Amino acid sequence: MDCLFCKIIAGEIPSSAVWSDELCYAFRDIAPQAPVHILVVPKVHIESVDGINAENSAVAAHIFETIPKIAAAEGISGGYRVVSNCGENACQSVHHLHFHILGGEKLSDRMA
Ligand code: DGP
């Protein structure tokens, strides 16, 4: 499968890792939109939030258990934003489920 994030998870494309466990991988976004901008992805390929179902939702739950741990390790526990773009109208550009963690400064009170 020609998936950028699958290649990053496999180590075929370099990335700046901040977390790795049996179910998920987190790394720094190549074009940060905040002082801290991390992407958290499942190691299994899921296209987007639309692809979460009863069979794989444990991975999504695990990611949401992991996000606060990453935020704490990054020192942004005082406030951060979690975003997942799903589909064309949301401008999803990489079709492997990912959650952006944005923080390290006072973020806009607008989402877009
Ligand atoms: P989205 O637009 O929600 O699909 O976000 C995709 C993000 O992926 C975007 O913020 C930039 C990031 N990205 C794209 N290619 C690479 C890459 O090769 N390495 C890293 N670290 N991030 C990437």
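So, here is what we can say about the structure in this document. (Residues numbered from 1 in each chain as written. Predicted model: local features only at pLDDT ≥ 70, side-chain atom pairs only at ≥ 80, totals over all residues. Heavy atoms only, no water.)

### Details of the environment of glutamine 92
- Looking at the secondary structure, you find glutamine 92 in the loop between strand E4 (80-83) and strand E5 (99-103).
- The sequence separation of glutamine 92 and phenylalanine 27 amounts to 65 residues, and the corresponding C-alpha distance is 18 Å.
- Dropping the residues within four chain positions of it, glutamine 92 is found in contact with Glu47, Ser48, Asn85, Cys86, Gly87 and His98.
- In this structure the side chain of glutamine 92 is engaged in a polar contact, spanning 2.9 Å, whose partner is the backbone oxygen of glutamate 47.
- Side-chain polar atoms of glutamine 92 contact the backbone oxygen of valine 94, separated by 3.0 Å. (Helix = DSSP H or I, 4+ residues; strand = E, 2+ residues; numbered from the N terminus. Contact = heavy atoms within 4.5 Å. Polar contact = N/O pair within 3.5 Å; in protein donor to acceptor, adjacent residues only side chain to side chain.)

### A few points about the packing of aromatic side chains
- Inspection of every chain in the model, using the stated rule, returns three aromatic pairs.
- Taking 5.4 Å as the distance between ring centres and 80 degrees as the angle between the ring planes, the aromatic pair formed by phenylalanine 5 and phenylalanine 27 counts as edge-to-face. With phenylalanine 5 in helix H1 (residues 4-9) and phenylalanine 27 in strand E2 (residues 24-28), this pair connects stretches of sequence that are 22 residues apart.
- Ring centres 5.5 Å apart and planes at 25 degrees place the aromatic pair tyrosine 25 and phenylalanine 27 in the stacked group. Accessibility classification places tyrosine 25 together with phenylalanine 27 in one group, the buried group.
- Members of the aromatic cluster, each reached through a chain of ring pairs, are Phe5, Tyr25 and Phe27. (Phe/Tyr/Trp six-rings, centres within 6.5 Å; stacked < 30°, edge-to-face > 60°. Buried < 20%, exposed > 50% of the residue type's maximum accessible area, 1.4 Å probe, protein only.)

### Overview of helix H2 (residues 57-74)
- The end-to-end C-alpha distance of H2 is 26 Å, a good match for the 26 Å that 18 residues give at a rise of 1.5 Å each.
- Listing the buried residues of H2 in full gives Val59, Ala60, His62, Ile63, Thr66, Ile67, Ile70 and Ala71.
- Buried residues along H2 sit in contact with strand E1 (17-20), E2, strand E3 (36-42), E4 and E5.
- One or two steps after H2, the chain reaches glycine 75, where phi turns positive at roughly 75 degrees. (Expected span 1.5 Å × (residues − 1).)

### A word on the site of the ligand
- Near the ligand you find 15 residues, and of these Arg28, Asp29, Asn85, Ser93 and His100 are the closest.
- Aspartate 29 has a polar side-chain atom sitting 2.5 Å from an oxygen atom of the ligand.
- Its free accessible area being 510 Å², the ligand has 83% of it covered by the protein chains.
- Counting atoms within 2 Å of the grid points, the majority share of the ligand lands in the largest pocket.
- Going through the elements one at a time, H1 and E2 are the ones with two or more residues in the shell around the ligand.
- No other element matches H1, which puts three residues into the shell around the ligand. (Near = heavy atom within 4 Å. Areas by Shrake-Rupley, 256 points an atom, 1.4 Å probe, with all protein chains shown as cover. 1 Å grid on protein atoms, 1.4 Å probe; cavity = no way out; pocket = protein on both sides within 12 Å on 5 of 7 lines; lining within 4 Å. Sits in = over half its atoms within 2 Å of the grid points.)

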